[in-house]
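# Survey of secondary and tertiary structure
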Amino acid sequence: MRTGPIVHLTTFLQGGAGRAVTLLACAQRRAGHDVVVVTSRTPAPGYENYQEYLDTIAAAGCRLVQVDSLFKRDDGLNRAALDSTRAALQGQRPQLVHAHAAVPARIGLRLASRGCPVVQTMHGWSRHKTPDQVAQDLDIMREVDLVVFPSAAAAEELRAAGGSFRATAIVPCGIPVGAPAAPLPAGLEHLQRRRAQGARVLVTIGSLTRQKNHAVVIDALPPLVERHDVIALLVGEGPELPELRARTVDLGVSDRVHFAGYVAEASSVLAIADVLVQPSLTESFGIAVAEAFRAGVPVVANNIPALAELLAGGAYGWMFDGDDADDLVRTLDRGLRAPQSEVADMTARARRRFDDLFTERRMVDGYAQAFEQAHVARGAAANADPAAD
């Protein structure tokens with residue numbers, strides 16, 4: 001029988017990756033495991049822990065450790081994070097270390113004891129890494145026992161970057177079957193009223209960063225407003241907010257864009273959405289799309305590999321070229337004019353796809369299989385080299 005805690009190491013608990021860590025850790029705790037979640041303590045520009053995730057993890061009975069730093073590429077801070085994690089374990093040897101980025105994986109490799117596998121989930125691959133950072137991260141991923149990807153597209157992206165790993169698995173992100181019971185966030189009542197009067201609400205959910213590509217949605221609004229009574233609701237916060245606000249003024253659509261900021265249980269806004277727009281330039285999965293599938297909201301998404309995989313090339317939503325605002329206008333115009341029967345058929349099929357592939361239960365079961373694969377591989381390696389530690 002395996003003993004010792006399951007240790008999750010993550011840069012920050014935020015966004016879709018943070019939700020996956022939170023749901024997985026809590027499910028493991030409910031199954032009777034001792035679970036330790038270690039995350040960075042001090043925020044960085046554009047990066048932080050969502051309080052709702054911290055509260056959920058603590059309420060589930062997981063041990064929550066916040067130390068500096070599992071985010072910064074700093075040997076001194078990484079050693080300090082390792083020492084603090086060891087101290088929190090109080091001499092216990094983990095049964096498994098699950099890292100959720102390359103820097104946490106480097107720490108995890110030092111934390112793991114003999115017979116303890118290290119699994120890394122590659123939640124996202126930034127376009128802003130330097131060549132040295134790419135080489136460092138790929139080297140780390142080659143050392144872990146198993147690399148998990150949330151989509152086949154994410155796995156292919158790393159292979160194209162030169163990745164060749166000991167073992168890999170694909171485990172899509174999952175969310176609960178039932179939508180959250182959270183009420184509509186305060187301050188959005190006027191959008192609810194406008195929608196009741198015939199306005200169409202386009203929703204985006206995601207941090208306001210350049211790679212999320214909110215600018216293309218704002219650029220599409222002037223011609224759309226000429227054809228439809230549309231309002232864009234942007235849910236999230238981040239460093240691009242001032243630039244995006246200025247863009248709405250320059251284009252004369254400031255009265256058509258509502259910036260909601262950070263919203264706990266962000267999927268609650270889908271209750272007033274006519275369309276979810278997912279314009280991201282890069283994604284490894286796209287949790288907001290799964291939330292829209294669950295809620296019965298049609299999706300318009302950028303035709304990038306991970307989103308194309310989610311939508312099966314357009315079978316479960318409409319796709320556009322994310323570098324082309326005119327193409328987004330054409331795609332949204334088509335979606336907003338689509339007969340209700342077409343929309344109902346598409347969202348019903350998307351809901352079945354969600355139930356088949358993207359539930360929390362499917363994710364938890366997928367990781368259980370991946371962890372068993374890693375344990376078997378680690379046991380074989382230990383038996384082949386009994387002196388290894």
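It should be noted that the structure appears before, not after, this text.
Residues numbered from 1 in each chain as written. Predicted model: local features only at pLDDT ≥ 70, side-chain atom pairs only at ≥ 80, totals over all residues. Heavy atoms only, no water.

With respect to the element layout, Arg127 can be found in the loop between β5 (118-121) and α5 (131-143). Distance from Arg127 to Arg227, taken between C-alpha atoms, is 36 Å for residues 100 residues apart in sequence. When sequence neighbours within four positions are dropped, the list of residues in contact with Arg127 reads Leu281 and Thr282. (Helix = DSSP H or I, 4+ residues; strand = E, 2+ residues; numbered from the N terminus. Contact = heavy atoms within 4.5 Å.)

A cis amide bond links Asp68 with the next residue in sequence, Ser69, at an omega value of 0 degrees. Secondary-structure assignment places Ser69 in the loop between β3 (63-67) and α3 (75-89). Of note, the phi angle at Gln90 is positive, near 50 degrees, even though the residue is not glycine. Structurally, the position occupied by Gln90 is in the loop between α3 and β4 (96-99). Unlike most non-glycine residues, Asn213 shows phi in positive territory, near 65 degrees. Position of Asn213 relative to the elements: it lies in the loop between β8 (200-205) and α8 (215-227). According to the relative accessible area criterion, Asn213 is buried, its value standing at 12%. (Buried < 20%, exposed > 50% of the residue type's maximum accessible area, 1.4 Å probe, protein only.)

Turning next to the nonpolar core. The tendency in soluble globular proteins is for nonpolar side chains to be buried side by side. The biggest cluster of nonpolar side chains holds 55 residues, and the ones touching the most others in it are Ile205, Leu233 and Leu276. Apart from residues lying up to four places away in sequence, Ile205 is in contact with Val235, Ala266, Ser267, Val269, Leu270, Leu276, Gln278, Ala288 and Glu291. Judged by nonpolar contacts, the second largest core, of 31 residues, contains Leu9, Ala81, Val103 and Phe165. (Core = buried A, V, L, I, M, F, W, Y, C linked by side-chain atoms within 4.5 Å.)

A full pass over the atoms with the stated rule returns nine aromatic pairs. Here Phe12 and Tyr47 contribute two aromatic rings whose centre-to-centre distance is 6.4 Å and whose plane-to-plane angle is 25 degrees, an arrangement assigned as stacked. Of this pair, Phe12 sits in the loop between β1 (6-10) and α1 (15-30) while Tyr47 sits in the loop between β2 (35-40) and α2 (51-59), and the two are 35 residues apart along the sequence. Taking 5.3 Å as the distance between ring centres and 35 degrees as the angle between the ring planes, the aromatic pair formed by Tyr50 and Tyr53 counts as tilted. Its relative accessible area of 7% is what places Tyr53 among the buried residues. Counting every residue linked through ring pairs, the aromatic cluster contains Phe12, Tyr47 and Phe71. If you follow Lys129 out to its NZ or CZ, it ends over the ring of Trp125, 4.5 Å from the centre. In this arrangement the basic side chain of Arg349 is found over the ring face of Tyr316, its NZ or CZ atom lying 5.9 Å from the centre. (Phe/Tyr/Trp six-rings, centres within 6.5 Å; stacked < 30°, edge-to-face > 60°. Lys NZ or Arg CZ within 6 Å of the ring centre and 35° of its normal.)

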